[in-house]
Amino acid sequence: MRIYAAAMTTLAPDVCIVGAGSAGLVAAAGAAQLGLDVVLIERAAMGGDCLNQGCVPSKALIAAARMAQAQRDGAPFGIVPVEPTVDFARVMDHVAEVIAAIAPNDSVERFEKLGVRVLKEEARFIGRTELQAGPHRISSRRIVLATGSQPAAPPIPGLAEAGFLTNETIFANRTLPSHLIVIGGGPIGLEMAQAHRRLGSRVTVLEVAEFLAKDDPELATIVVARLRSEGVDLCNHTKIARVDRSPAGVVVILESGERLEGSHLLVAAGRAPVVDGLDLDKAGVAHTAKGITVDASLKTSNRNVWAIGDCNGLYAFTHMAGYEASLFIRGALFRAPARLDAAIVPWATYTDPELAQVGLSERQAREKHGDAIKVLRWKLAENDRAQTERTTEGMVKAITDRRGRILGAAIVAPHAGELIQPWCLAIAKRLKISALASFVPPYPTLGEASKRAAGSYFTETLFGPRTRWLVRLLSRLPV
Ligand SMILES: Cc1cc2nc3c(=O)[nH]c(=O)nc-3n(C[C@H](O)[C@H](O)[C@H](O)COP(=O)(O)OP(=O)(O)OC[C@H]3O[C@@H](n4cnc5c(N)ncnc54)[C@H](O)[C@@H]3O)c2cc1C
Ligand SMILES: NC(=O)c1ccc[n+]([C@@H]2O[C@H](COP(=O)([O-])OP(=O)(O)OC[C@H]3O[C@@H](n4cnc5c(N)ncnc54)[C@H](O)[C@@H]3O)[C@@H](O)[C@H]2O)c1
């Protein structure tokens, strides 16, 4: 235990935020720019998971892998394919350089310039509105918990003893795995599987249930097929009996009796909230294994404490961490209505092709509206730009109610994370499907597929017998 008696300070800011990841940083910047006195406490690296161990390194690795894959994929364009020479240590330097380029945005220096007091300490509650952080005692009427999540290790016998990589360690690896075994076929598992395969590893993914289970299966199947065609071994409905160390690295024994030898093992089997050491009970902040319990305005069971970002277990996306921080600012600082709107939540998985979703999936829409929905589809094979790029595996799928209200959309395509954005806007602004059918996108773009999917809502009525009858009648009038 560290003893701070000599340098003990007492602080009483307007807002105290624990955690300088995506959620905490947005809340801190917003509150400070509104002129409030803000203390931000961070025990590890500024920027949290997204910058250091999540979105940024994973997308940088994916970008390097795409460059490698492009060298293999030239044949249909008349370019002789070559097997790329991958300098894996240099690839990881690229990943570190990208993190370093973004890090100043999240740095102590930047936040201090905004007027935030940053404490590089671990925080814990010592009362309902009081925290201890190193030698500081902080008392505040508005405390924001933004402590994030950590990889959850499934209870597989031998796993802990054998040792494994997670998102917290894989980006420090500088040797190309000869055989990477991945436990978990969610977004992390599949993004990392495809990237490593493209960089030259043999990759096996073991999934106990379905791949990308949170996404529309009709679209997820397209991603899964692409990974398989690139040589990723994908095994779903696969139960692992135990894991052991082996001379080559690790051996995974399946319940079927099959043994898989790998050089590296990555666990990407879901997330658990970070609440360790916070002494939440001392503040009367209720929590479960899923996360810190919050209401729709993200307030906890203690009216002075909010929980935003991954730690509340609602979503695990950087954009949701930012959105939840903005709700805190709106509700707690402006005292305006601020309730999380689940209908507008988007997400994307950055495999190639990407898979993006906003609002309800077809299954969710059917659960809520029965058969009173319309499902609209437009295949990329019908899109001229996709043909020129030879990226015709994919589609836009949208769901509306009978009156044309957009309930959800999903896209599997290159850059689906970008292509989904008009749908995000339409759902957030409650536009009808006619809005997406009646704008003029430039030709030739992948984005036209969204307009064509939206337009298909009207095909039957527009070109049906009534309209034909009307146009015939009008054509008889003098010009
Ligand atoms: C491999 C991977 C890829 C991802 N890719 C994407 C993506 O492409 N797009 C996307 O939207 N999301 C992605 N995510 C999810 C995204 O990273 C998280 O949703 C986001 O980082 C959550 O932000 P946060 O602020 O809630 O938590 P974090 O970023 O985890 O920040 C929490 C901070 O709190 C600190 N902390 C915890 N306890 C204490 C304490 N007691 N005292 C002081 N400090 C404390 C921690 O040190 C940490 O820095 C990815 C995640 C992973 C793992
Ligand atoms: N592109 C993105 O936005 C992005 C990328 C990566 C992560 N994330 C966020 O991070 C979260 C966590 O990602 P994740 O992929 O770790 O979690 P996940 O919960 O989405 O997927 C984990 C998968 O592991 C499987 N699994 C669990 N235990 C298993 C076992 N014993 N054996 C085999 N499979 C097992 C589950 O069935 C599930 O399919 C995501 O839900 C997402 O919110 C987002």
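First, a word on scope: everything that follows refers to the structure included in this document. These numbers come from a predicted model, not from an experiment.

This next bit is on the sheet that holds strand E1 (residues 9–11). One open sheet accounts for 4 strands, arranged E1-E7-E6-E5; its pairing is mixed. Edge positions in the sheet fall to E1 and strand E5 (123–127), since each of these pairs with one other strand and no more. On average, each strand axis in the sheet is tilted by 25 degrees relative to the strand beside it, whichever way the strands run.

With that settled, consider helix H1 (residues 22–33). Counted at 1.5 Å a residue, the expected span for H1 with its 12 residues is 16 Å, and the 17 Å between its end C-alpha atoms agrees. Of all 12 residues in H1, 10 are buried, a share of seventy percent or more. For H1, the set of buried residues is Ser22, Ala23, Gly24, Leu25, Ala27, Ala28, Ala29, Gly30, Ala31 and Ala32. Buried positions along H1 lie against strand E2 (15–18), strand E3 (38–41), helix H2 (48–52), helix H5 (108–113), strand E4 (116–119) and helix H10 (318–333). With its phi angle positive at about 90 degrees, Gly35 sits one or two positions after the end of H1.

In this section: the site of ligand 2. Near ligand 2 you find 23 residues, and of these Glu191, Glu207, Lys214, Ala316 and Ala348 are the closest. Interatomic distance of 3.5 Å between a backbone N/O atom of Ala268 and an oxygen atom of ligand 2. A distance of 2.8 Å separates an oxygen atom of ligand 2 from a polar atom in the backbone of Ala316. Protein chains bury 80% of the 840 Å² of accessible surface belonging to ligand 2 in isolation. Going through the elements one at a time, helix H7 (187–199) and strand E19 (346–349) are the ones with two or more residues in the shell around ligand 2.

Spanning 15 residues, helix H4 (residues 88–102) covers 22 Å between terminal C-alpha atoms, matching the ideal 21 Å at 1.5 Å per step. Inspection of H4 places Phe88, Val91, Met92, Val95 and Ile99 among the buried residues, and these make up the whole buried set. Buried residues of H4, viewed axially, fall in a sector of 100 degrees; they line one side. Those residues of H4 that are buried are in contact with H2, helix H3 (55–72) and H7.

The rules behind the values
Residues numbered from 1 in each chain as written. Chains lettered and ligands numbered in written order. Predicted model: local features only at pLDDT ≥ 70, side-chain atom pairs only at ≥ 80, totals over all residues. Heavy atoms only, no water. Pairing = 2+ DSSP bridges. Helix = DSSP H or I, 4+ residues; strand = E, 2+ residues; numbered from the N terminus. Axes fitted to C-alpha atoms, helices over the stretch in contact; angles between N-to-C directions. Expected span 1.5 Å × (residues − 1). Buried < 20%, exposed > 50% of the residue type's maximum accessible area, 1.4 Å probe, protein only. Contact = heavy atoms within 4.5 Å. Near = heavy atom within 4 Å. Polar contact = N/O pair within 3.5 Å; in protein donor to acceptor, adjacent residues only side chain to side chain. Areas by Shrake-Rupley, 256 points an atom, 1.4 Å probe, with all protein chains shown as cover. Arc of directions from axis to C-beta.

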